Amino acid sequence: MKRRTLNVNGVERWLVVDDDATLADVLREKMLLTGCKVCCEDGQCGACTVVIDGKPIRACTTPMHKVSPSARITTIEGIGTPENLHPLQIAWMAHGGAQCGVCTPGFIMSAKVLLDTNTSPTREQVRAWFNRNRNLCRCTGYKPLIDAVMDAAAIMRGEKRAEDVLDKPKEDGSILGTRYIRPSAVAKVTGTWDFGADLALRMPEGTLRLALVQAKVSHALIKGIDTSEAETMPGVEKVITWKDVAGKNAITGLITFPTNKGDGWDRPILCKEKVFQFGDAIAIVAADTVEHARAAADKVKVDLEVLPAYMSGFAALAPDAIEIHPGVPNAYYEQGVVKGQDTRPFFDSAAASVDITTYCSRQPHLHLEPDCGEAFVDDDGVLTILSKSIGVHLHHAMICPGLGLPPEKLRLIQNPTGGTFGYKFSPTMEALLGVAALATGKPVSLVYDQYQNITYTGKRSPANINIRLACDHDGKLTAMETDWWLDHGPYSEFGDLVTLRQAQFTGAGYHLENIRGRGRTVATNHAWGSAFRAYGSPQSFLASEIAIDILAEKMGEDPFEFRYKNLYNETSTTPTGQKPEVLVLPQLFDMIRPKYYEAKRRCAEFNAANTEKKRGVGVSLGIYGCGLDGPDSSEARVEMTPTGFVVHSGWEDHGQGADLSAQTMAHEVLRVTGVRPEDVKLVMADTFGPNGGPAGGSRSNVFCGNAIRVSAEMMLKAMTKPDGTYRTYKEMVAENIPLAYDGKWVAAACTDCSADTAQGNPFPIYMYEVFLPEVEVDLETGEAKVVKFTTSVDVGTIINKATVDGQIYGGLAQGIGLALTEDFEDLELHTTLRDCGIPYPKDVPDDIEILYLETKRPDGPFGAAGVGEAPLTAPHPAILNAVYNACGVRIFRVPALPDAIKAGLDALAGETSRKNLEPA
Ligand code: MCN
Ligand code: FES
Ligand code: FES
């Protein structure tokens, strides 16, 4: 330890610090400069970037002894204030650069150094700079960030003013469809938006810090847990095991779909008899510091009898596999599809048919902010859990019996959240926090490191899909057959739903009258399956969008035009027999057709001039439903205050912009009263407020949006005087008119899908998108790179343009990762953001073009659908189709790593059958 000075943001400060402590820890923990975010602690993500003597430095890997006494350190807190923002901060807000905002301070600090030395960089230079400085963003797809730097540079050069880049309300006061900034934008760009790990540092004195004792094997019987040594370790308050859990000690997820062969209570809060997957929590240590808690956790001894681990659906389905949950078959849920006539005769008489098997990977979410949360018992005796939950009411129901509390004694509130992409549809640490707060009677906090975050949170469920598709002599699709399984990890929560999704989306988009299929959910010992953006559909479209490409080729037709003539028409129904709410796919194809032929021409020219690299263009379509299956609903409340209105909504914000959209929905109704957007305040995502339902399934814009719209309309009605003018707050009070209105919106016409036939009307509204990537393949290495991406998309009325652009760019970037690099399969290898294959700025093209069609949805708020899931439905089969178009190698599983493409190229060269590349 040493007393030393530190010049931070122009001020000399005296500190006593450990020489080996990192600069990030000192800034955050000693100086509470929490604008320096820590996500990876390994120099991989740039979230902690600060400036030292004019250079961008990753503070998480900089020990204090390397910081010279004369160093001048600048953090995000030192470059601008809300009243006096730096041009980069202004431009970041204007371009929606801060979605979740956890990467924002690091990017801005990095960009500041670039612009301090070069106020006229090219876009390519900016991209190269961020790539070199390892600035990662999982939300934006990078393009909006490059746009922001270019505008900030223009402001710094005096060519633009802040007013030129920040969008204003329209003349009538409306902000609908504009690029108006988020209510949270200023806090995000100034580093004052406090995420869970920041809040942990600001918890009251006496808050206990938690560490988990986790399984290091994937499947085992627990013979004993010895906590005696750990209990004597310094600073330890309590070592908590299953014995300390007052309730059922289990979490259930069969809230929405109670049709599986187990009872749904298969996920322990703290393991008692068995370990079901790597990382499973066995005990919790509560201590005065994180270091003490972790040191003691290492001393808990767990006596295990290791069992065979079934790490894939193939293994768990083998005849000799034991039941992972004794008494419940590993294939614990079955879903059938029966639509139209028997399919066999169509295959017998088909002009062409295909029969392929595709495998979609265990894609990791790679949200940058590690999972974190706090819990305490409040003054009214209510256990309050703060976390990244994107389903506070849902999680309340899932964990309450496990904790043994009456419902009114449990409250969940969402913290500002640094991205989830769906993993937080499952409760992760909520129940653990609750157990610890109850067992110790003290406030607690738990912050995972990135290793825990990656290895002990849910993943996309891998799917193995056999698909057979037939067409007649006119090239019209006649029948589809499917047979699939999903590896859902050990816990059944939502496993039925993701299996049903295959029935709903495989073959979606095409006029297909006859379908037969069967699928099953399989328990394995790999990471538990959780929701992931576009939940279930990337697996489906990988199968059907490759199959249709092959069928087109067999028929000697162009894949774009073959698709076009098979699209939904006026008489079509979805694979579940539902009539699509709007018919937009033909227009989306018409819009993008010229781009397709331009791309083909460009690729042909490139290929004529190059021998070592080849380019190709691929096509696919993607569709996703807004909502949970069946008659889903949302509630909201609008309240009048002396200064404006308050919207109470359960709309959880992952980073997608729930705040801005909730404000916009209410403002659009109430603006006739003269209220400004900033006078519409928000209270969001709290179980003591209205139940909005979870922010998954791209449902919130439609459901929460409609509920807010309805509440605001009720408010407006109450405010309206007989002469058509509006009552003020004082007049409302004077006339004794209620000041708060509770609205609700129900998708009343929707029905569940049958488990036998999958037929039903599950969603009120769908989103539609066409994907057109251009991909370059290096014939020497097999490496594939997306060089341009064009997409046409219909998500109904656009509520906020910057938000929707950002959702699409970000989703496409994740699609590129899914197609080419991302995986979580190897527990030794796939343990960091980089090693899981997260795309860096140069892995995503800057050349992304979005063509919008805005078809108003009759049931959408102001005509809107959702958007979040659409861009990740089917970009990856389009990329694989482009790889084929470029070099003739068909890949049937993602990620298409260079080795697989290279093997295909070698096989082609050796004239070996391409069929060898299909998975078993
Ligand atoms: N929107 C709009 N106009 C439309 C449609 C939507 O302006 N016509 C806006 C909405 O108001 C909202 C956003 O776009 O701000 C996404 O809307 P929607 O598709 O309804 O999705 P939800 O609000 O329910 O958010 C969840 C969705 C899902 S399911 C995942 S997963 C996801 C996603 O959004 N995770 C995200 N986007 C994400 N974005 C970020 N940055 N981080 C995540 O973790
Ligand atoms: Fe420092 Fe990621 S690089 S936290
Ligand atoms: Fe970049 Fe969320 S805004 S990680």
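This write-up is about the structure you can find in this document. What you see is a predicted model; the values in this text were computed from it and never measured.

1. Some points on the overall build of the chain
Part 1 of the reasoning: Secondary structure assignment for the chain yields 25 helices and 31 strands.
Part 2 of the reasoning: Across the chain, the centroid of the 92 positively charged side chains sits 3 Å from that of the 116 negatively charged ones.

2. Here we look at the sheet that holds strand β2 (residues 11-17)
Sheets are built from strands that pair by backbone hydrogen bonding, the pairs being arranged parallel or antiparallel.
Part 1 of the reasoning: On the basis of which strands lie adjacent, the open sheet formed by five strands has the order β2-β1-β5-β3-β4 and mixed pairing. In this open sheet, the two strands that pair with only one neighbour each are β2 and β4 (55-58). Ignoring strand direction, the axes of neighbouring strands in this sheet form an average angle of 40°.
Part 2 of the reasoning: The sheet contacts of helix α3 (residues 104-117) involve β3 (49-52), β4 and β5 (72-74), and relative to β3 the element is tilted by about 30°.

3. Considerations on the layout of surface pockets
Part 1 of the reasoning: What the largest pocket holds in volume is close to 980 Å³.
Part 2 of the reasoning: At the level of secondary structure, the elements contributing two or more residues to the lining of the largest pocket comprise α1 (23-30), α8 (196-201), β6 (208-214), α10 (290-297) and β19 (444-447).
Part 3 of the reasoning: Residues that form the lining of the largest pocket fall into these classes: 19 nonpolar, five polar and 13 charged.
Part 4 of the reasoning: Considering only enclosed or pocket space, the second largest pocket measures out at about 520 Å³ in volume.
Part 5 of the reasoning: Around the second largest pocket sit 23 residues that line it, and L212, V213, Q214, K216 and D298 are the ones nearest its centre.
Part 6 of the reasoning: Of all elements in the fold, only β6, α10, β13 (301-306), β19 and α15 (450-455) reach the threshold of two or more residues within the lining of the second largest pocket.
Part 7 of the reasoning: The element contributing the most residues to the lining of the second largest pocket is β6, with five residues.

4. Regarding the packing of aromatic side chains
For any pair of aromatic rings, the description consists of the separation of the ring centres together with the inter-plane angle of the planes.
Part 1 of the reasoning: In the structure shown here, the tally under the stated rule is 21 aromatic pairs.
Part 2 of the reasoning: Between the aromatic rings of W92 and F107, the centroid separation amounts to 6.2 Å while the plane-to-plane angle is 40°, which identifies the pairing as tilted. In this pair, W92 sits in helix α2 (residues 87-94) while F107 sits in helix α3, placing the two residues 15 residues apart along the sequence. Note on accessibility: W92 and F107 belong to one class, buried.
Part 3 of the reasoning: For the pair Y448 and Y456, a centre-to-centre distance of 6.4 Å together with 40° between the ring planes defines the contact as tilted.
Part 4 of the reasoning: Among the aromatic residues, ring-to-ring pairing joins F276, Y448, Y456, Y491 and W528 into one connected group.
Part 5 of the reasoning: Against the face of F532 rests R460, its NZ or CZ located 4.2 Å from the ring centre.
Part 6 of the reasoning: The ring of F703 is capped by R699, whose NZ or CZ atom sits 5.0 Å from the centre of that ring.

5. Observations regarding the sheet that holds β6
Part 1 of the reasoning: Overall, mixed pairing links the seven strands, which are arranged β8-β12-β6-β19-β16-β17-β18 in an open sheet. Every interior strand has two partners, whereas the edge strands, β8 (236-240) and β18 (410-414), have only one. For this sheet, the mean angle separating the axes of adjacent strands, direction not counted, is 20°.
Part 2 of the reasoning: In terms of strand pairing, β6 meets β19 through two bridges, oriented parallel. Of the residues in β19, the one forming a bridge with L208 is V444.
Part 3 of the reasoning: Packed on one face of the sheet, α10 meets β6, β8, β12 (281-287) and β19 and runs near 25° to β6.
Part 4 of the reasoning: Each of β6, β8, β12, β16 (372-377), β17 (383-387), β18 and β19 is contacted by helix α14 (residues 430-440), which is oriented at about 145° to β17, the strand it contacts most.

6. Topic: the nonpolar core
Part 1 of the reasoning: W92 and I623 are the most contacted members of the largest nonpolar core, which has 221 residues in total.
Part 2 of the reasoning: Not counting residues within four places of it along the chain, the set of residues in contact with I623 comprises F505, A508, G509, S537, F541, Y568, L585, Y766, M767, Y768 and T873.
Part 3 of the reasoning: Judged by nonpolar contacts, the second largest core, of 28 residues, contains M640, F645, V647 and A864.

7. Some remarks on the environment of R4
Part 1 of the reasoning: The residue R4 is located in strand β1 (residues 2-8) in this model.
Part 2 of the reasoning: As for R4 and G689, which are separated by 685 residues in sequence, their C-alpha atoms are 48 Å apart.
Part 3 of the reasoning: Not counting residues within four places of it along the chain, the set of residues in contact with R4 comprises R13, W14, L15, V17, M64, V67, S68 and P69.
Part 4 of the reasoning: A distance of 3.1 Å separates a polar atom in the side chain of R4 from the backbone oxygen of M64.
Part 5 of the reasoning: One polar contact links the side chain of R4 to the main-chain carbonyl oxygen of V67, over a distance of 2.9 Å.

8. What about the pattern of salt bridges?
Part 1 of the reasoning: Applying the stated criterion to the full structure yields 59 salt bridges.
Part 2 of the reasoning: Between R615 and E776 there is a salt bridge, with its nearest N and O atoms 2.6 Å apart. With a gap of 161 residues between them, R615 in strand β23 (residues 613-617) and E776 in strand β29 (residues 765-778) connect regions that are remote in the sequence.
Part 3 of the reasoning: The partly exposed category is assigned to R615, whose relative accessible area is 23%.
Part 4 of the reasoning: Here R671 makes a salt bridge to E668, at a shortest N to O gap of 3.2 Å.
Part 5 of the reasoning: What emerges from the salt-bridge pattern is a single network uniting E545, D549, R563 and R890.

9. A word on the site of ligand 1
Part 1 of the reasoning: Close to ligand 1 lie 34 residues, the nearest being F421, S661, S700, N701 and T797.
Part 2 of the reasoning: One of the backbone N or O atoms of F421 is found 2.6 Å from an oxygen atom in ligand 1.
Part 3 of the reasoning: Between ligand 1 and I799, the relevant distance is 3.1 Å, taken from a nitrogen atom to a main-chain nitrogen or oxygen of the residue.
Part 4 of the reasoning: Considering ligand 1 on its own, with 840 Å² of exposed area, one finds that the protein chains cover 99% of that surface.
Part 5 of the reasoning: Mapping ligand 1 onto the cavity grids shows that it belongs to the largest cavity.
Part 6 of the reasoning: Within the residue set of the shell around ligand 1, elements represented by two or more residues are α21 (700-719) and α23 (801-820).
Part 7 of the reasoning: Among the elements that take part in the shell around ligand 1, α23 stands out by supplying three residues, more than any other.

Basis of the calculations
- Residues numbered from 1 in each chain as written.
- Chains lettered and ligands numbered in written order.
- Predicted model: local features only at pLDDT ≥ 70, side-chain atom pairs only at ≥ 80, totals over all residues.
- Heavy atoms only, no water.
- Helix = DSSP H or I, 4+ residues; strand = E, 2+ residues; numbered from the N terminus.
- Lys, Arg positive; Asp, Glu negative; His and termini not counted.
- Charge placed at Lys NZ, Arg CZ, Asp CG, Glu CD.
- Pairing = 2+ DSSP bridges.
- Axes fitted to C-alpha atoms, helices over the stretch in contact; angles between N-to-C directions.
- Contact = heavy atoms within 4.5 Å.
- 1 Å grid on protein atoms, 1.4 Å probe; cavity = no way out; pocket = protein on both sides within 12 Å on 5 of 7 lines; lining within 4 Å.
- Points joined across faces, edges and corners; volume = space filled by probe spheres on them.
- Nonpolar A, V, L, I, M, F, W, Y, C, P; charged D, E, K, R; others polar.
- Phe/Tyr/Trp six-rings, centres within 6.5 Å; stacked < 30°, edge-to-face > 60°.
- Buried < 20%, exposed > 50% of the residue type's maximum accessible area, 1.4 Å probe, protein only.
- Lys NZ or Arg CZ within 6 Å of the ring centre and 35° of its normal.
- Core = buried A, V, L, I, M, F, W, Y, C linked by side-chain atoms within 4.5 Å.
- Polar contact = N/O pair within 3.5 Å; in protein donor to acceptor, adjacent residues only side chain to side chain.
- Salt bridge = Lys/Arg side-chain N within 4 Å of Asp/Glu carboxyl O.
- Near = heavy atom within 4 Å.
- Areas by Shrake-Rupley, 256 points an atom, 1.4 Å probe, with all protein chains shown as cover.
- Sits in = over half its atoms within 2 Å of the grid points.

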